[in-house]
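As a plain string of letters, each chain reads:
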Amino acid sequence: MKPYDFGSIERKWRKSWEKEKLFEVKQSAFSSPRSKNKYILDMFPYPSGDGLHVGHVEGYTASDIISRYYRMRGFNVLHPIGWDAFGLPAENYAIKNKVHPEIVVKKNISNFTRQLKDLGFSYDWSRQVNTTDPNYYKWTQWIFLQLFKEGLAYEKEMPVNWCPKDKTVLSDEESENGICDRCGTKVERKNLKQWMLKITAYADKLLDGLDGLNWPERVKTMQRNWIGKSEGARINFKIQNTKYEIPVFTTRPDTIFGATYLVVAPEHPIISKLKDKVKNSKEVGKYSEVSRNKSDQERVSEGKEKTGVGLEGIYAVNPSNGKKIPVWTADYVLPYYGTGAIMAVPAHDQRDRDFAVKFNLPIVPVISPDGKITVDEEVYEGDGILVNSGKFDGKNNRDATPLMIDFVKGKSEVQFKLRDWIFSRQRYWGEPIPLVFCEHCKSDAKLNKPSLKFSKGELLNPGWIIVPESELPLKLPKVKNYEPTGTLQSPLAEVKSWVNTICPRCGGPAKRETNTMPQWAGSCWYYLRYIDSKNKNKIIDSKKEKSFMPVDVYIGGVEHAVLHLLYARFWHKFLYDKKVVRDSEPFTRLVNQGLILGSDGEKMSKSRGNVVNPDETVKKFGADSLRMYEMFLGPIEDPKPWNEKGIIGNWRFLNRIWIYYQAQFSKQPKRQSEDISEFERLFHQTLKKVTEDIETLHFNTAISSLMILFKDMERLSSVPKKYASDFIAMLSVFAPFISEEIWRNVMGNKKSVMFSAWPKADEKKARQESITIAVQINGRTRGTISAKKGSSKEDLLKAILSDTGLKSYVEGKAIKRVVFVPDKIINVLL
RNA sequence: GCCGAGGUGGCGGAACUGGCAGACGCGCAGGACUCAAAAUCCUGUGGCCGCAAGGUCAUGCGGGUUCGACCCCCGCCCUCGGCACCA
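Residues numbered from 1 in each chain as written. Chains lettered and ligands numbered in written order. Predicted model: local features only at pLDDT ≥ 70, side-chain atom pairs only at ≥ 80, totals over all residues. Heavy atoms only, no water.

Caption draft 1: Representation of the overall build of chain A within the structure. Each helix and strand counted, chain A has 29 helices and 31 strands in total. Split into buried and exposed, the 830 residues of chain A put 55% on the buried side. At a minimum sequence separation of 6, the contacts of chain A that also span at least 24 residues come to 73%. Here chain A holds 130 positive side-chain charges and 102 negative ones, and the gap between their average locations is 3 Å. (Helix = DSSP H or I, 4+ residues; strand = E, 2+ residues; numbered from the N terminus. Buried < 20%, exposed > 50% of the residue type's maximum accessible area, 1.4 Å probe, protein only. Contact = heavy atoms within 4.5 Å. Lys, Arg positive; Asp, Glu negative; His and termini not counted. Charge placed at Lys NZ, Arg CZ, Asp CG, Glu CD.)

Following this line, the structure appears as structure tokens:
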């Protein structure tokens, strides 16, 4: 008997599958109705130098199981893979090791490819995409141009997050609590001119779209919080003895009578406008200056201890009661949210109260839970009865809110926390932004003659002219020096031959934009390109798009909850408005695989030395065992610690299967010597369970029921060939290599197990005739009796009285009551 | 502080709609095979009492609802993840 030599089995089938091209989607699928097709998508990897880690293996195995399952069910399955290869890690590695990023990426991709093939993932390799391939980023640039033409891209000088180590700006999403999410360096604040994408124009749609998605609740919550919708009102406060008004945004207009002072952000334009009227303008100017140079993080980090300066001699008028109230500036008011100014109601807002207490400002309660006026020690942020509020006294605050907004001539307004997406990076390794700057056209654009037919983007950004679509892709020039300059400019700015160009509009001299796009650009739409990866004329053929979009199952890590997944939804919604895609949401169902932790229960990291290398595990136990093990560990969405020893159990299982099939199929078929009806029942029950478990992604319990079923197969002298085959068919989605070897070589099938039909459970045979019923006496389980399905209460009571173990409990006692749930339980109360 | 998820043996985890808690696997103990070991196979394995039959306690803690609660309700504690001066 041959031992289970997984190494040579896996090698053999890997080659064979590749040659047979078994996983390529049939052309006919692209004209099939959507209901015949399934789109099973992985978050494509960033091909780092470290290679695949066990977390990739987890998600990719799950999607592979689903793909194989649906193929066997007769669906056309699109299960593609590609490379998210622009961005900082490749570039930083390239700089450190003095190799061009293009070469680094190529090398890493070939290593990743080898690893993915080793694991037997059933990707359609013919549709690979690579975000750094000009044939791909041509369309990334094309989408940018469409956004620009619609006026959704604009250039703006503003304070931004700057990573001094990576020498580039970061988006808000990439700056985690003031720390660069790539390298962990503290982010600085810089004023820079940046390309911005108007994601805020889609804030409402991005929020509303979440409701219909089958996504993990926490991801939806994270996106909702990030978008951060607040409903409130905009109210103007006049500045006494000046022509100025300060608008504020508040979510609590009902508390306006309690607004005892006004606070503006240190960046607020009113500060310079009032410079001559403020008595302490020097002090105010200094405070404003210092705050301006602090990063957001620094503004918060100082223990939330409030700081601020009063604008001496300046008073605003509270429009509700005409009282004059002082105006302050403080950095707890942020310049970019709302109007950059607030009305402070210290009685009903914790932050305002902290500030008022520190600077001795008046606190006037205007809402009382019981209608009595009490000055509490604590802030009261709840609802109640209005007091100190003029003609609104005695009213419920919620009811009065709209009336009060009218009374002070305010306007209802909605605000979002979401800010526009900072879209330029001062780095080399990214998509060039396809715009040129032309001085001549700048003046034309400012004049805005209709005859010149400027696009919205060109009018919005005078001087910036689009590179015509026919000139795309605008290729990233090959350079020797791609290190970041540190001059706040991209290394591309040094490439004079590339920068200096001709304006496509007027033919005069022009300069190219030298910043590049952020890493997220390429991953915003890659799932579309898979469907039509070789189309030279269009981003995607719309008929093909309809045959596979939206994605049925999307699997990947939760770390992309507000980055990739928000950006991709934004672009998709834009493409929906442009009628490029049919649906307003790209991913119907999202699954986040849980982190695989080190055996110490901590996150895997090089510094902890607890990283598991899948290559080594494959070498030791085989890809099938690794796949099985990772799926068996626990629910796909939970974080799970790796256990060095656990994998042996899955290897043993496969080894036993190997031995069993060798024995069953090598000699004369064994005679069936026993009754197999119990086995048949178990078989069909298992088949039903495995089928359901795959559809609900409960792979751990699917594998455990296969183990139970197999134990029963081993118990019998033999099982009919039909069952032996169906068992391997079920196993094949989890452990494809050993299954294929048994299927073709041990059992002698000609065609691949992957194209055998998924077996169908026989409900009749799965039904259990005799069942075990729990017997409780006075609510305590005292034993079980087996009975026919559907037995009556009376029959069961009779059975209890004749059961040696149970009758002693009941005998000679009066039965008060019997609780009976058919086929489940009988509870006798004495 | 706010939002979300969760807490079950030595470990990873099962438990369907409120109905035999601990499936399956690891580990551990004992046994078989072996000169021996590894591998493999078999048996046992939540705690406590008991030779045993059996009893009793047990799903973070404290209450409640129910014939019956890991599951539902109320109040705590803890862990993980996210957000965090957003007016």
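Caption draft 2: Seen up close, the pattern of salt bridges. Under the defined criterion, the tally for this structure stands at 42 salt bridges. Its salt-bridge partner being R627, residue D64 comes within 2.8 Å of it at the nearest N-O pair. With D64 in helix α2 (residues 54-72) and R627 in helix α21 (residues 623-632), this residue pair connects regions lying 563 residues apart in the sequence. Here E585 ties to R569 by a salt bridge, and the two come within 2.8 Å at their closest N and O atoms. Placement of the pair is E585 in the loop between α19 (564-577) and β25 (590-592) and R569 in helix α19, with a sequence separation of 16 residues. Take E585: its relative accessible area is 10%, and that puts it in the buried class. Overall, the relative accessible area of 0% leaves R569 in the buried class. One network of salt bridges, with partners in common, ties together R14, R114, D118 and D615. (Salt bridge = Lys/Arg side-chain N within 4 Å of Asp/Glu carboxyl O.)

Caption draft 3: Representation of the state of the cysteines in the model. Following the criterion strictly, the structure yields zero disulfides and no others. C506 supplies the cysteine sulfur nearest to C438, a cysteine that is in no disulfide, at a spacing of 3.5 Å. On the basis of relative accessible area, C438 is assigned to the buried category, the value being 1%. The exposure class assigned to C506 is partly exposed, which follows from its relative accessible area of 34%. (Disulfide = S-S within 2.5 Å.)

Caption draft 4: Structural detail: the nonpolar core. With 186 residues, the main nonpolar core has W571, Y661 and F734 as its most contacted residues. Setting aside residues no more than four positions away along its own chain, F734 makes contact with I65, R627, M628, V690, I694, F699, A702, I703 and L706. Core analysis: the next-biggest nonpolar cluster, separate from the first, contains 45 residues, I246, L311, A316 and A356 among them. (Core = buried A, V, L, I, M, F, W, Y, C linked by side-chain atoms within 4.5 Å.)

Caption draft 5: The arrangement of the sheet that holds strand β28 (residues 770-777) in detail. Strand order across the open sheet formed by four strands is β29-β28-β31-β30, with mixed pairing between neighbours. Sheet topology places β29 (780-788) and β30 (817-821) at the edges, where each strand pairs with a single neighbour. Strand-to-strand, the axes of this sheet are offset by a mean angle of 20 degrees, without reference to chain direction. Where β30 lies against strand β31 (residues 825-829), five bridges are found, and the strand directions are antiparallel. Across the sheet, the residue bridging to V821 is I825, located in β31. Along the sheet, helix α28 (residues 793-801) contacts β28, β29, β30 and β31; its crossing angle with β31, the most-contacted strand, is approximately 70 degrees. (Pairing = 2+ DSSP bridges. Axes fitted to C-alpha atoms, helices over the stretch in contact; angles between N-to-C directions.)

Caption draft 6: Local environment of the side chain of T339. As for its position among the elements, T339 is in the loop between β14 (324-329) and β15 (341-344). Separated by 3.2 Å, the side chain of T339 and the backbone oxygen of A341 make a polar contact. Ignoring sequence-local partners within four residues, the contact set of T339 consists of R234, P247, V248, F249 and H268. (Polar contact = N/O pair within 3.5 Å; in protein donor to acceptor, adjacent residues only side chain to side chain.)

Caption draft 7: Fine view of the protein's contact with RNA strand B. Lining the immediate surroundings of RNA strand B are 55 residues, of which T251, Y337, R351, Y809 and N827 lie closest. Backbone sugar and phosphate groups make up 62% of those atoms of RNA strand B lying within 4 Å of the protein. Between RNA strand B and T250 there is a distance of 3.2 Å, counted from a sugar or linking oxygen to a side-chain nitrogen or oxygen. Between R782 and RNA strand B, the recorded distance is 3.2 Å, taken from a side-chain N or O atom to a phosphate oxygen. Per-element accounting of the surface near RNA strand B gives the leading share, six residues, to helix α24 (residues 699-715). When its residues are assigned to classes, the surface near RNA strand B shows 23 nonpolar, 17 polar and 15 charged. (Near = heavy atom within 4 Å. Nonpolar A, V, L, I, M, F, W, Y, C, P; charged D, E, K, R; others polar.)

Caption draft 8: Focus on the packing of helix α20 (residues 614-621) against α21. Look at α20 against α21: their axes get within 7 Å of each other, and the N-to-C directions meet at 115 degrees. The segment α20 lies against α21, with P614, T617, V618 and F621 engaging A623, S625 and L626. Looking at the contact of α20 with α21 residue by residue, the classes come out as five nonpolar, two polar and no charged.

Caption draft 9: Structural detail: the environment of D118. Relative to the elements of secondary structure, D118 occurs in helix α4 (residues 101-118). Overall, D118 belongs to the buried group, its relative accessible area being 14%. Taking the C-alpha atoms as reference points, D118 and F23, separated by 95 residues in sequence, lie 15 Å from one another. When residues no more than four places from it in sequence are discounted, the contact partners of D118 are R14, A623 and F737. Within the structure, the side chain of D118 is placed 3.4 Å from the side chain of R14, a separation counted as a polar contact.

Caption draft 10: How the structure looks around the packing of aromatic side chains. For the coordinates displayed, the defined rule picks out 57 aromatic pairs. Each ring, one from Y527 and one from F587, has its centre 4.9 Å from the other, and the planes form 70 degrees; the classification is edge-to-face. Of the two residues, Y527 is situated in helix α17 (residues 526-529) and F587 in the loop between α19 and β25; the sequence distance between them amounts to 60 residues. Take Y527 and F587: they sit in the same class, and that class is buried. Judged by centre distance (4.7 Å) and plane angle (55 degrees), the ring pair of F683 and Y723 falls under tilted. Of the two residues, F683 sits in helix α23 (residues 677-695) while Y723 sits in helix α25 (residues 721-732), which places them 40 residues apart along the sequence. Neither F683 nor Y723 differs from the other in exposure class; each is buried. An aromatic cluster is defined as three or more aromatic residues linked by ring pairs; in this entry it consists of F144, F148, W195, Y202, W421, F423, F437, W464, W520, Y567, F570 and W571. (Phe/Tyr/Trp six-rings, centres within 6.5 Å; stacked < 30°, edge-to-face > 60°.)

Caption draft 11: Region of the structure containing helix α13 (residues 439-447). By the burial criterion, the buried members of α13 are C441, D444 and A445. Down the axis, α13 shows its buried residues gathered within 100 degrees of arc, on one side only. Within α13, the exposed residues directed more than 90 degrees away from the buried face are E439, K446 and L447. Packed against the buried residues of α13 are α14 (456-460) and β21 (464-466). Within two residues after α13, N448 carries a phi angle of roughly 55 degrees, on the positive side. (Arc of directions from axis to C-beta.)

Caption draft 12: Main features of unusual backbone geometry. In this structure, P473 follows L472 across a cis peptide bond, with omega equal to 0 degrees. Omega for the peptide link from M549 to P550 comes to -5 degrees, which places this bond in the cis form. Assignment of secondary structure puts P550 in the loop between α18 (542-548) and β24 (553-556). Residues other than glycine seldom take positive phi values, yet D823 does so here, at roughly 65 degrees. Looking at the element boundaries, D823 is found in the loop between β30 and β31. Judged by relative accessible area, which is 25%, D823 ranks as partly exposed.

As far as function goes, none of this settles anything; it's purely spatial.
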